[in-house]
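Commentary on secondary and tertiary structure
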Amino acid sequence: MNIILLGPPGSGKGTQSTYLSSAYKLNHISTGDILRSEINEKTKLGLKAESFMNSGSLVPDNLIIEMVSKKLSLLNSVLLDGFPRTLNQAEALDNELAALNKKIDFVFYFDVPPKDLIFRLSQRISCKNCSSIFSKIDKEYICSTNCSEQKLFQREDDKPEAISKRMESYTSLTAPLIDFYDKKNIMININANKQILEVSKEIDELMHA
Ligand code: AMP
């Protein structure tokens, strides 16, 4: 099974990915996490991506498509989190999957009103070591069990100017994908403006429907 999580920044795709990849034994491909780790390791790709990411812009399609294609050719049953984000990427994904004789089974669109997204992003803190995501309003921050050393930080792109740029990029470049996948009849709308467990439950019910 191959699934795409589509939705604006801060809509909870990363948080639900942790649950879904473990519950449905899917390989989690988060393009944001891969890029952050490339930046930490100061690789060529990381150095090219860093300024785009910190300013809240999208990283150029050619870099992202190459990065994801490598993973797709190696992994079965993937959960795509943060990819595709442009029509070019979505078309490249279709071609890549067709060549591998695979397909997308579901696209879950995470629907959250814009004012709630901005609040969520401004409250978000993450662990640099294991990518766990928390909110400043949580009572405690407990990383995933395999995290050896918690290193909490606020992402550069969760600061106010970068948040507005990310919202603009989402509206102009990523939102058209809602229509793209709707026309293919594989898109399911999720009300993601709820507690984490309630969102997971809604997805579970849809997966078993
Ligand atoms: P995320 O962790 O998914 O919020 O992604 C953080 C940042 O990584 C984005 O704001 C972009 O700069 C970059 N990024 C992640 N995925 C993509 C993608 N599919 N296409 C272009 N840029 C991406």
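A brief look at the structure comes next. Owing to the predicted nature of the structure, the values given are computational and were not obtained by experimental measurement.

This paragraph deals with the overall build of the chain. Along its length, the chain carries nine helices and eight strands. Computed over C-alpha atoms, the radius of gyration of the chain comes to 16 Å, within 12% of the 17 Å expected from 2.2 N^0.38 for 209 residues, which places it in the range of a compact globule. Taken over 209 residues, the chain has a buried fraction of 44%. Surface exposure of the chain reaches about 11,200 Å², of which carbon and sulfur atoms provide 52%. Looking at the chain, you have 26 positive and 27 negative side-chain charges, and the mean spots of the two groups are 3 Å apart.

The subject of this paragraph is unusual backbone geometry. Backbone torsion omega between Phe-83 and Pro-84 reads 0°, so that peptide bond is classified as cis. With respect to the helices, strands and loops of the structure, Pro-84 is situated in the loop between β3 (78–81) and α5 (87–99). The phi angle at Lys-42 is positive, at roughly 55°, despite the residue not being glycine. Looking at where Lys-42 falls in the secondary structure, it is placed in the loop between α2 (31–40) and α3 (44–55). Lys-42 sits in the exposed class, given a relative accessible area of 64%. Of note, Asn-101 is a non-glycine position whose phi angle comes to about 60°, a positive value. Mapped onto the fold, Asn-101 is located in the loop between α5 and β4 (106–111).

For the rest of this paragraph, the subject is the pattern of salt bridges. Tallied over the full model, the rule gives 14 salt bridges. Linking Lys-183 and Asp-179 is a salt bridge whose minimum nitrogen-to-oxygen distance equals 3.2 Å. In this pair, Lys-183 and Asp-179 both sit in helix α8 (residues 176–183), four residues apart, roughly one turn of the helix. Take Lys-183: its relative accessible area is 65%, and that puts it in the exposed class. Assessed through its relative accessible area of 42%, Asp-179 is described here as partly exposed. Note that Glu-202 is salt-bridged to Lys-194, the shortest N-O span being 2.4 Å.

Below, the discussion takes up the sheet that holds strand β6 (residues 133–135). Read from one edge to the other, the open sheet built from three strands follows the order β6-β5-β7, with strand pairing classed as antiparallel. With partners counted over all chains shown, the strands left at the sheet margins are β6 and β7 (152–153), one partner each. Two elements, strand β5 (residues 124–127) and β6, share three bridges in a ladder whose sense is antiparallel. What sits directly across from Arg-124, in β6, is Ser-135.

Within soluble globular proteins, side chains that are nonpolar tend to cluster in buried spots. Within the largest apolar cluster, 30 residues are counted, with the highest numbers of intra-cluster contacts made by Leu-80, Leu-93 and Tyr-181. When contributions to this core are tallied by element, the ones reaching two or more residues are β1 (3–6), α2, α3, α4 (61–74), β3, α5, β4 and α8. Residue contributions to this core peak at five residues, all from α4. Residues within four places of Leu-80 in sequence aside, it is in contact with Ile-3, Ile-4, Leu-5, Ile-29, Val-68, Leu-93 and Ile-104. In this structure, Ile-3, Phe-108, Ile-188 and Met-207 belong to the second largest nonpolar core, which totals 20 residues.

A few words on the packing of aromatic side chains. Within this structure, the stated rule accounts for three aromatic pairs. Residue placement shows Lys-128 over the ring face of Phe-153; its charged tip is 4.7 Å from the ring centre.

Glancing now at the packing of α5 against α8. Contact geometry for α5 and α8: axes closest at 10 Å, N-to-C directions at 30°. On the basis of the axis angle, α5 is roughly parallel to α8. From α5, Leu-87, Ala-90, Glu-91, Leu-93 and Asp-94 reach across to α8, where they touch Pro-176, Leu-177, Phe-180 and Tyr-181. For the contact of α5 with α8, a count of residues per class yields seven nonpolar, no polar and two charged.

Scoring rules and cut-offs
Residues numbered from 1 in each chain as written. Predicted model: local features only at pLDDT ≥ 70, side-chain atom pairs only at ≥ 80, totals over all residues. Heavy atoms only, no water. Helix = DSSP H or I, 4+ residues; strand = E, 2+ residues; numbered from the N terminus. Rg over C-alpha atoms; globule rule 2.2 N^0.38 Å. Buried < 20%, exposed > 50% of the residue type's maximum accessible area, 1.4 Å probe, protein only. Areas by Shrake-Rupley, 256 points an atom, 1.4 Å probe, with all protein chains shown as cover. Lys, Arg positive; Asp, Glu negative; His and termini not counted. Charge placed at Lys NZ, Arg CZ, Asp CG, Glu CD. Salt bridge = Lys/Arg side-chain N within 4 Å of Asp/Glu carboxyl O. Pairing = 2+ DSSP bridges. Core = buried A, V, L, I, M, F, W, Y, C linked by side-chain atoms within 4.5 Å. Contact = heavy atoms within 4.5 Å. Phe/Tyr/Trp six-rings, centres within 6.5 Å; stacked < 30°, edge-to-face > 60°. Lys NZ or Arg CZ within 6 Å of the ring centre and 35° of its normal. Axes fitted to C-alpha atoms, helices over the stretch in contact; angles between N-to-C directions. Parallel < 35°, antiparallel > 145°, perpendicular 65-115°, else oblique. Nonpolar A, V, L, I, M, F, W, Y, C, P; charged D, E, K, R; others polar.

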